[in-house]
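# An overview of the molecular structure
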Amino acid sequence: MTASTRRTVLSLYMRVFRIARTWQAQSGVTSDTETERKYILQEARTLFRQNQQLTDQESIKKCIEECEARIEIGLHYRNPYPRATYLPPLGLATQKGRKLRAQQRLRKQAKPIYLQSQDET
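Notes on the structure follow. Predicted model, so just to flag it, every value in this text is computed and none were measured. (Residues numbered from 1 in each chain as written. Predicted model: local features only at pLDDT ≥ 70, side-chain atom pairs only at ≥ 80, totals over all residues. Heavy atoms only, no water.)

## Regarding unusual backbone geometry
For the record, the criterion: Runs of E in the DSSP output that reach at least two residues are strands. Runs of H or I that reach at least four are helices, and both are numbered from the N terminus.
In this structure, arginine 78 is a non-glycine residue whose phi angle is positive, near 55°. You can see arginine 78 is positioned in the loop between α3 (57-77) and α4 (97-110).

Okay, structure coming up:
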């Protein structure tokens, strides 16, 4: 990892922690605020540790873009949780052969940048 990339990652990490420290739930309820703050901190720690061993510059760049997108979406909608995607769960393809692979490829391409780290459900 280059020095500038490292600086960018650390600044994003600190930005997430600053946001969590000043976060206020949209409902205004203190317990909701605390729950959302804990979620922000837990999610940041988990994802940054999960991606700590990355060395490929392309994957690091994608993770940085995802982090920035999630920060901006969270601040805009005042919701720290990832926004849902509304894709049919393999509803258009049969369960075998080329059509299934094509459908899986299309689903992967359609996944927004801010959900790349989320597991497929």
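Once the structure has been displayed, the description carries forward.
## Looking at the packing of helix α1 (residues 3-22) against α3
What counts here: To define axes, lines are fitted to C-alpha atoms, for helices over the stretch in contact only, and angles between the resulting N-to-C directions are given on a 0 to 180 degree scale. Roughly parallel means an angle under 35 degrees; roughly antiparallel means over 145; roughly perpendicular covers 65 to 115; every other angle is labelled oblique. Working rule for handedness: look at the near helix, and if it is turned counterclockwise from the far one by less than a right angle, call the crossing left-handed; if clockwise, right-handed. Two residues qualify as a contact provided that any one of their heavy atoms is within 4.5 Å of a heavy atom in the partner residue.
With their axes 11 Å apart at the nearest point, α1 and α3 run at an angle of 25° to one another. It follows that α1 is roughly parallel to α3 by the angle criterion. Once α1 is placed against α3, the crossing between them reads as left-handed. Every residue of α3 that contacts α1 at Thr5, Thr8, Val9, Leu12, Arg15, Val16 and Ile19 is listed here: Gln57, Ile60, Ile64, Cys67, Glu68, Ile71, Glu72 and Leu75.

## Topic: a negative patch on the surface
We count it as follows: Think of a patch as exposed residues, more than 30% relative accessible area, with no salt bridge, where like charges cluster within 9 Å and nonpolar side chains (Val, Leu, Ile, Met, Phe, Trp, Tyr) cluster within 5 Å. Shrake-Rupley sampling with a 1.4 Å probe provides the accessible areas, and residues are treated as covered by the protein chains on show and by no other component. One speaks of a salt bridge when a side-chain nitrogen belonging to Lys or Arg is within 4 Å of a carboxyl oxygen belonging to Asp or Glu. Note on charges: Lys and Arg go in the positive column, Asp and Glu in the negative column, and His and the chain ends are not counted at all. Think of each charge as sitting on NZ of Lys, CZ of Arg, CG of Asp or CD of Glu. Only protein chains enter the accessibility calculation, which uses a 1.4 Å probe; a residue whose area is less than 20% of its type maximum is buried, one above 50% is exposed, and one in between is partly exposed.
A cluster of acidic residues, Asp56, Glu58, Glu65 and Glu68, forms a negative patch at the surface. Considering the arrangement of structural elements, one finds glutamate 65 in helix α3. On the basis of relative accessibility, which here comes to 35%, the residue glutamate 65 falls in the partly exposed class.

## Points about the layout of surface pockets
Threshold: Any residue with an atom within 4 Å of a point lines the site, the site being either a cavity, points on a 1 Å grid over the protein atoms alone where a 1.4 Å probe fits but cannot get out, or a pocket, an open set with protein on both sides within 12 Å along at least 5 of 7 lines. Grid points are joined across faces, edges and corners, and a volume is the space filled by probe spheres set on the points. Charged means Asp, Glu, Lys or Arg here, nonpolar means Ala, Val, Leu, Ile, Met, Phe, Trp, Tyr, Cys or Pro, and polar covers whatever is left, Gly included.
Quantified by volume, the largest pocket comes out at close to 850 Å³. Contributing to the lining of the largest pocket are 37 residues, with Tyr13, Ala44, Leu47, Phe48 and Cys67 lying nearest its centre. Only α1, α2 (30-50) and α3 provide two or more residues apiece to the lining of the largest pocket. Broken down by element, the lining of the largest pocket gets its largest block of residues, 10 residues, from α3. Considered class by class, the residues forming the lining of the largest pocket number 25 nonpolar, 5 polar and 7 charged.

## Examining the environment of cysteine 67
In this fold, cysteine 67 is placed in helix α3. Sequence-wise, cysteine 67 and tyrosine 114 are 47 residues apart; in three dimensions their C-alpha atoms are separated by 7.0 Å. Leave out the neighbours within four places in its chain, and cysteine 67 touches Leu12, Val16 and Phe48.

## Some remarks on the packing of α1 against α2
Between α1 and α2, the least distance of the axes is 8 Å, while the angle of their chain directions is 165°. Taken together, α1 and α2 sit at an angle that is classed as roughly antiparallel. In terms of crossing hand, the pair formed by α1 and α2 is left-handed. Where α1 approaches α2, its residues Val9, Leu12, Tyr13, Val16, Phe17, Ala20, Arg21 and Thr22 are matched on the opposing element by Arg37, Ile40, Leu41, Ala44, Arg45 and Phe48. Residue composition of the contact of α1 with α2, grouped by class: 10 nonpolar, 1 polar and 3 charged.

## Section: α2
Think of an α-helix as 3.6 residues a turn; residues three or four steps apart then line up on the same face. Our working definition: Any helix carries an expected span of 1.5 Å times its number of residues minus one. Arc, as used here, means the arc of the directions from the helix axis to the C-beta atoms.
An ideal rise of 1.5 Å per residue puts 30 Å on 21 residues; α2 measures up with 30 Å between its terminal C-alpha atoms. Those residues of α2 lying buried are Thr33, Glu36, Arg37, Tyr39, Ile40, Glu43, Ala44 and Leu47. Down the axis of α2, the smallest arc covering the buried residues is 160°, so these residues share one side. Among the exposed residues of α2, those pointing more than 90 degrees away from its buried face are Thr30, Lys38, Gln42 and Arg49. Of the surrounding secondary structure, the elements contacted by the buried residues of α2 are α1 and α3.

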